[in-house]
Amino acid sequence: MRDALVGAAFQLFLERGYEETTVDDIVALAGVGRRSFFRYFPSKEDVVFPDHERCLADMTAFLEEEADVQDPVQRVCDAARLVLRMYAENPTFSVQRYRLTKKVPGLRAYELSVVWRYERALAEYLRRRPAGARADTLRADVVAAAVVAAHNNALRSWLRSDGTKDAEAAVDQALGYVQSTFGSAPAEPARTEAEDVVVVVSRRGAPMWRVVQEIESAFARD
């Protein structure tokens, strides 16, 4: 039923246009009632992005699987690859959606809200598992934004090619740049032991040998 509604919706979107297609048109073509549509999709916009809720849930579960992760940045990069696989499962549908989203400002805004939810999930994970001594909230937000930007840059390049390019290679290259930049926290400066400081009070004009003797006596007392 869910797939039938998505199929009917996109058939009408391509034939008539998104704005010209109503929910009633979709359910009529699918042969179901309005209640069936809203059981699966809260709005017409949601039928354009039927797989993102599942993917977001899969990503969240993936991030929570491992408690002991050596490189959290690599983990969030691997989580982003789950989104790529979702798109790659059905290249024809993904390309059609990309073209439709470009034409409809409301869908573009909806898509941006979905992307923000992915970014928030990655950032929350990084805040719980700081990548190194210098990690903090700002770093987590910056790394999450970088992962999403790199992934989406490669993904859009693949979609513009009508799904003919190697999406996995493009995303690996983009995320590799993020990992090389943020994957290892800069080393903290090595701590050195505090040096001994000796203050000697001496009369002006005292001979140097007397000053040296006072210094040697001070170190000897230590």
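Bear in mind the structure is a predicted one, so any value in this text is a computation, not a measurement.

Colleague: Describe the overall build of the chain, naming the residues involved and giving the relevant values.
Modeller: In terms of helices and strands, the chain carries 11 helices and 0 strands. N-terminal to C-terminal, the α/β element order of the chain is α-α-α-α-α-α-α-α-α-α-α. At a minimum sequence separation of 6, the contacts of the chain that also span at least 24 residues come to 68%. Accessible surface, the chain as shown: approximately 13700 Å² in total, 50% of it carbon and sulfur.

Colleague: Kindly report on the pattern of salt bridges, identifying the contributing residues and their values.
Modeller: Side chains that differ in charge, positive against negative, can pair when their charged atoms come close. Under the counting rule described, the total for this entry stands at 12 salt bridges. For Asp51, the salt bridge identified is with Arg97, shortest N-O distance 3.0 Å. With Asp51 in the loop between helix H4 (44-48) and helix H5 (52-65) and Arg97 in helix H7 (residues 91-103), the pair connects residues that are 46 residues apart, well separated along the chain. Across the pair Asp141 and Arg127 runs a salt bridge whose closest N-O atoms are separated by 2.4 Å.

Colleague: Before we move on, could you go through the packing of helix H1 (residues 2-16) against H7 and cite the residues and values that matter?
Modeller: Direction vectors running N to C along H1 and H7 enclose 50°, while the axes themselves pass 12 Å from each other. Here H1 lies oblique to H7, going by the angle between them. The element H1 and its partner H7 pack so that their crossing is left-handed. Each of Val6, Phe10, Phe13 and Leu14 in H1 lies in contact with H7, whose residues at this interface are Phe93, Gln96, Arg97 and Leu100. Tallied by class, the residues present in the contact of H1 with H7 amount to 6 nonpolar, 1 polar and 1 charged.

Colleague: Mind laying out the nonpolar core, listing which residues take part and the relevant values?
Modeller: Judged by nonpolar contacts, the single largest core of 40 residues is most densely connected at Met59, Leu63, Tyr118, Leu122 and Val147. A per-element tally of this core places helix H9 (residues 137-160) first, with 11 residues. Discounting residues that sit within four places of it in the chain, Val147 has contacts with Val76, Cys77, Ala80, Leu122, Leu175 and Val178.

Colleague: Please provide a residue-by-residue account of the side chain of Thr21, values included.
Modeller: With respect to the helices and strands, the residue Thr21 is situated in the loop between H1 and helix H2 (23-30). By relative accessible area, which is 1% here, Thr21 ends up buried. Within polar-contact distance, the side chain of Thr21 engages the backbone oxygen of Leu12 at 3.4 Å. Within the structure, Thr21 has its side chain in polar contact with the backbone oxygen of Gly17 (distance 2.8 Å). Setting aside residues up to four positions removed in sequence, Thr21 forms contacts with Leu12, Phe13, Arg16, Ile26 and Lys44.

Colleague: I'd like a rundown of the layout of surface pockets, residues and numbers included.
Modeller: Put simply, the largest pocket is a space of about 380 Å³. Contributing to the lining of the largest pocket are 24 residues, with Tyr87, Glu111, Val115, Asn152 and Leu155 lying nearest its centre. Classifying every residue of the lining of the largest pocket gives 14 nonpolar, 5 polar and 5 charged.

Colleague: So, unusual backbone geometry: which residues are in play, and what are the values?
Modeller: Positive phi is not limited to glycine here, since Asp162 has a value of about 65°. Its place among the elements puts Asp162 in the loop between H9 and helix H10 (167-182). Taking relative accessible area as the criterion, Asp162 reaches 43% and is therefore assigned partly exposed.

Colleague: Residue-level account of the packing of aromatic side chains, with values.
Modeller: One pair of aromatic rings is described through two measures. These are the centre distance and the angle between the planes. A complete count under the given rule lists 7 aromatic pairs for this structure. A centroid spacing of 5.6 Å and a plane angle of 65° characterise the contact between Phe10 and Phe13, whose relative ring orientation is edge-to-face. With Phe10 and Phe13 both in helix H1, this residue pair falls 3 residues apart, about one helical turn. Accessibility expressed as a relative area gives 5% for Phe10, which makes it buried. Phe13 gets classed as buried once you look at its relative accessible area, which sits at 4%. Linked through ring pairs, Phe10, Phe13, Tyr18 and Phe93 together constitute an aromatic cluster. Of note, Arg75 hangs over the ring of Phe62, and the distance from its end group to the ring centre comes to 3.8 Å.

About the cut-offs
Throughout, residues of each chain are indexed from 1 in the direction in which the sequence is written. Reporting in this predicted model follows two pLDDT cut-offs: at least 70 for local features of residues, and 80 or more for side-chain atom pairs to be given and counted; totals over whole chains, interfaces and linings ignore these cut-offs and use all residues. The side-chain quantities take in all heavy atoms of the structure and omit both hydrogens and water. Secondary structure elements are taken from DSSP: a helix is a run of H or I of four residues or more, a strand is a run of E of two residues or more, and numbering for both begins at the N terminus. Residue contacts are counted whenever heavy atoms from the two residues lie within 4.5 Å of one another. All accessible-area figures derive from a Shrake-Rupley calculation using a 1.4 Å probe, and residue coverage is judged against the displayed protein chains alone. One side-chain nitrogen of Lys or Arg within 4 Å of one carboxyl oxygen of Asp or Glu is enough to make a salt bridge. In this description, a line fitted to the C-alpha atoms serves as the axis of each element, helices being fitted only across the stretch in contact, and the angle between N-to-C directions of two axes falls anywhere from 0 to 180 degrees. In these notes the angle categories are as follows: under 35 degrees is roughly parallel, over 145 is roughly antiparallel, 65 to 115 is roughly perpendicular, and the rest is oblique. Should the near helix be turned counterclockwise from the far one by less than a right angle, the crossing is left-handed, whereas a clockwise turn marks it as right-handed. Note that Gly is not counted as nonpolar here; it falls among the polar residues with everything else outside the nonpolar set of Ala, Val, Leu, Ile, Met, Phe, Trp, Tyr, Cys and Pro and the charged set of Asp, Glu, Lys and Arg. The definition of a nonpolar core used throughout is a set of buried Ala, Val, Leu, Ile, Met, Phe, Trp, Tyr and Cys residues joined through side-chain atoms within 4.5 Å. A simple rule labels every residue: compare its accessible area, found with a 1.4 Å probe on the protein chains alone, to the largest value its type can have, and call it buried under 20%, exposed over 50%, or partly exposed in between. Definition of a polar contact: a pair of N or O atoms within 3.5 Å, with one able to donate and the other able to accept a hydrogen when the atoms are protein atoms, and with sequence-neighbouring residues admitted only if both atoms are side-chain atoms. Points on a 1 Å grid, built from protein atoms alone, make a cavity when a 1.4 Å probe fits but cannot get out and make a pocket when they are open with protein on both sides within 12 Å along at least 5 of 7 lines; residues with an atom within 4 Å of a point are the lining residues. Grid points are joined across faces, edges and corners, and a volume is the space filled by probe spheres set on the points. Between 30 and 60 degrees the pair is tilted, below 30 it is stacked and above 60 it is edge-to-face, where a pair is any two Phe, Tyr or Trp rings, Trp via its six-membered ring, whose centres lie within 6.5 Å. Charge over a ring is defined by NZ of Lys or CZ of Arg lying within 6 Å of the ring centre and within 35 degrees of the ring normal.

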